[in-house]
Amino acid sequence: MNNLLYKVDDRPPLVTTVLLAAQHMLAALGGIIAVPLVVGAVLKLPADQIVALVNAALLGSGIVTFIQCKGAGPVGIRLPCVMGTSFAFVGAAISIGLEHGVPGILGSSLAGSVVMILGSFFMPQIRKLFPHQVTAVVVTMIGLSLVPVAVDWAAGGKGAGPHYGDPINLGIALFVLATVIALVQFGKGIISAAAVVIGMIIGYCVCLGLGLVDFSAVQKAAVFAVPQPLYFGMTFPVSGILAMAVAYIVTMVETTGTFMALGSATQTKMRGKLLSRGVLCDGVGSAFVSVLGAPPVSTFAQNVGVISLTGVASRHVVALTGVLLAAAGLFPVLGAIVVTIPQPVLGGAGLMMFAMIIAAGVQMLSHVEHDKRTGLLIAVSVGCGLAVSVRPELLSKLPAFVHEVFGSGISTAAIVAVVLNLVLPDRPVEAHDDEEEDVPQPMLVKNMEAA
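An account of the accompanying structure is given in this report.

The rules behind the values
- Residues numbered from 1 in each chain as written.
- Predicted model: local features only at pLDDT ≥ 70, side-chain atom pairs only at ≥ 80, totals over all residues.
- Heavy atoms only, no water.
- Helix = DSSP H or I, 4+ residues; strand = E, 2+ residues; numbered from the N terminus.
- Rg over C-alpha atoms; globule rule 2.2 N^0.38 Å.
- Buried < 20%, exposed > 50% of the residue type's maximum accessible area, 1.4 Å probe, protein only.
- Areas by Shrake-Rupley, 256 points an atom, 1.4 Å probe, with all protein chains shown as cover.
- Lys, Arg positive; Asp, Glu negative; His and termini not counted.
- Charge placed at Lys NZ, Arg CZ, Asp CG, Glu CD.
- Phe/Tyr/Trp six-rings, centres within 6.5 Å; stacked < 30°, edge-to-face > 60°.
- Contact = heavy atoms within 4.5 Å.
- Axes fitted to C-alpha atoms, helices over the stretch in contact; angles between N-to-C directions.
- Parallel < 35°, antiparallel > 145°, perpendicular 65-115°, else oblique.
- Left-handed = near helix turned anticlockwise from the far one by under 90°.
- Nonpolar A, V, L, I, M, F, W, Y, C, P; charged D, E, K, R; others polar.
- Salt bridge = Lys/Arg side-chain N within 4 Å of Asp/Glu carboxyl O.
- Polar contact = N/O pair within 3.5 Å; in protein donor to acceptor, adjacent residues only side chain to side chain.
- Expected span 1.5 Å × (residues − 1).
- Bend = angle between axes of the 7 residues up to and from the residue.

1. A closer look at the overall build of the protein chain
- Each helix and strand in the protein chain was counted, giving 18 helices and two strands.
- For the protein chain, whose C-alpha radius of gyration is 21 Å, the value lies close to the compact-globule estimate of 22 Å for 451 residues.
- Taken over the C-alpha atoms alone, the protein chain extends approximately 65 × 55 × 45 Å along its principal axes.
- Buried positions account for 56% of the 451 residues belonging to the protein chain.
- Counting only carbon and sulfur atoms, one obtains 70% of the accessible surface of the protein chain, whose full area is about 18,100 Å².
- Positive and negative charge centroids in the protein chain, built from 21 and 22 side chains respectively, lie 3 Å apart.

In structure tokens:
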């Protein structure tokens, strides 16, 4: 049974496309902006340089998103894939920046991207390491890793600050969550498909009425600004290149898992050649944004939740998201307006989107063969992934290399699952590149009708 409201190559009506593209933009914008803000704050950069980083990140993410969705020769997976500056590179970027500054970060990013570009040509072989049970573990772990982000948003920020968990924050988040659920369950056509953005607009209006929206960032933002390539310059420290190379390898593992989840959400069989085009776009795109003046990019897992929730898998919708992100980079005032959305509003919508990825993973896990070997693989890999996710300080006394590789719950779960699948006896590696694989589709909400 086909549960998608719009398939990968469908073109929804213009108004519908704009609403759905804005929905993806809202889901990704916070993550894209956060990376340059965090790096800039730790390196104590002046405000104008942080603004330059943010603008370059938005413009670069938008351009690479468009190429990933539309394709350009062998580059681009041609699926609804949002690209953005990745937290996977934050640790390496900060360590490089503290010693070599922003030029060292950008030069190392450019040189290190060669690792991902070369790695993309081996994706058919890497694909064989991800049979169905391993893919199901990674998809589940992606959702489990994202839910704490939504919880922090809902509580009003990250960490135990004075307003963390304030009842007004939780109330707004629950209101937005309930609104999204109602719109998806009882809405029809565009109302159901655009439930996330409509729910956030309603939540935003409530926050306006309560005086919880801060417009100071809008007042300070420039109306128009063109990021200047090589604005910071570049240097190429060997230690920095090695650190970035490791980060790129880890990101390849995470990106492979995200592409698997995307394939499930869009009802697309994820062959090795398709993965190659997607990872190549990640590598080439990261090289491009480095020259533009921003940290590397990777595929955003949170937007897979939007597709799972709404049933809209059109790559043309997400290509427009790329245009909107690029516009936000050229018109900083637009990005500043979006940044005024209170975190509890994002939290209510995000909890729903990210939980849908967990639901998709659980559904995939229900279709694997239930024997002792598979049970061990699932239990140990998910357990290890959760261990480093909920207790990141677990690795604090280990060498930096170990922390870099296993610092992410997604990459930890993926690596452990792949290793166990190879070493546990009695079952050979399954899924070959050219085989048909019966991948169950993610759990989509009912009552989705064509607009």
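2. Details of the packing of aromatic side chains
- Per the counting criterion, the structure on display carries four aromatic pairs.
- Measuring from centroid to centroid gives 4.8 Å for Phe89 and Tyr248, while their planes differ by 65°, and the two rings are edge-to-face. Highlighted residues: Phe89 in the loop between strand E1 (83-85) and helix H3 (90-119) and Tyr248 in helix H10 (residues 238-265), separated in sequence by 159 residues. Of the two residues, Phe89 and Tyr248, both sit in the buried class.

3. Topic: the side chain of Thr266
- On the secondary structure map, Thr266 appears in the loop between H10 and helix H11 (272-292).
- Its relative accessible area of 3% is what places Thr266 among the buried residues.
- Once residues lying within four places of it in the same chain are set aside, the contact partners of Thr266 are Leu4, Val8, Leu79, Pro80, Ile307 and Ala313.

4. Some points on the packing of helix H8 (residues 195-209) against helix H15 (residues 343-365)
- The interhelical angle for the contact between H8 and H15, taken along N-to-C directions, is 155°, at an axis separation of 9 Å. Considered as vectors, H8 and H15 are oriented roughly antiparallel to each other. Read as a crossing pair, H8 and H15 show a hand that is right-handed. Contacts between H8 and H15 involve Val196, Met200, Gly203, Tyr204 and Cys207 from the former and Val345, Leu346, Ala349 and Met353 from the latter.
- Class assignment of the residues belonging to the contact of H8 with H15 gives a composition of eight nonpolar, one polar and no charged.

5. A short note on the pattern of salt bridges
- In this structure the tally under the stated criterion is two salt bridges.
- Of the charged contacts, one joins Arg391 and Glu393 as a salt bridge, the two residues approaching to 4.0 Å between their closest N and O atoms.

6. A word on the environment of Asp166
- Tracing the backbone shows Asp166 in the loop between helix H5 (132-155) and helix H6 (167-186).
- Along the primary structure Asp166 and Ala155 are separated by eleven residues, whereas in three dimensions their C-alpha atoms are 6.6 Å apart.
- Among the polar contacts listed, one links the side chain of Asp166 to the backbone nitrogen of Ile168, at a separation of 3.0 Å.

7. A few points about H15
- In this model, H15 (23 residues) spans 32 Å end to end at C-alpha, consistent with the 33 Å of a helix rising 1.5 Å per residue.
- At Gly350, H15 is deflected by roughly 30°, the largest bend along its length.
- Here H15 lies mainly inside the structure; 18 of its 23 residues are buried.

8. A word on unusual backbone geometry
- Positioned with a positive phi, Arg78 is a non-glycine residue whose angle comes to about 60°.
- Residue placement: Arg78 occurs in the loop between helix H2 (47-70) and E1.
- Arg78 gets classed as partly exposed once you look at its relative accessible area, which sits at 24%.
- Its identity is not glycine, yet Gln267 carries a phi of approximately 60°, on the positive side.
- The exposure class of Gln267 is partly exposed, given its relative accessible area of 30%.

9. Focus on helix H18 (residues 409-423)
- End to end, H18 covers 21 Å across 15 residues, agreeing with the expected 21 Å (1.5 Å per residue, within 8%).
- Buried within H18 are the following residues: Gly409, Ile410, Ser411, Thr412, Ala413, Ala414, Val416, Ala417, Val418, Leu420 and Asn421.
- Turning to H18, the residues buried within the fold contact H5, H10, helix H16 (372-390) and helix H17 (400-406).
- Taking the backbone nitrogen of Ile410 as reference, a side-chain oxygen 3.2 Å away marks Ser408 as the first, capping residue of H18.

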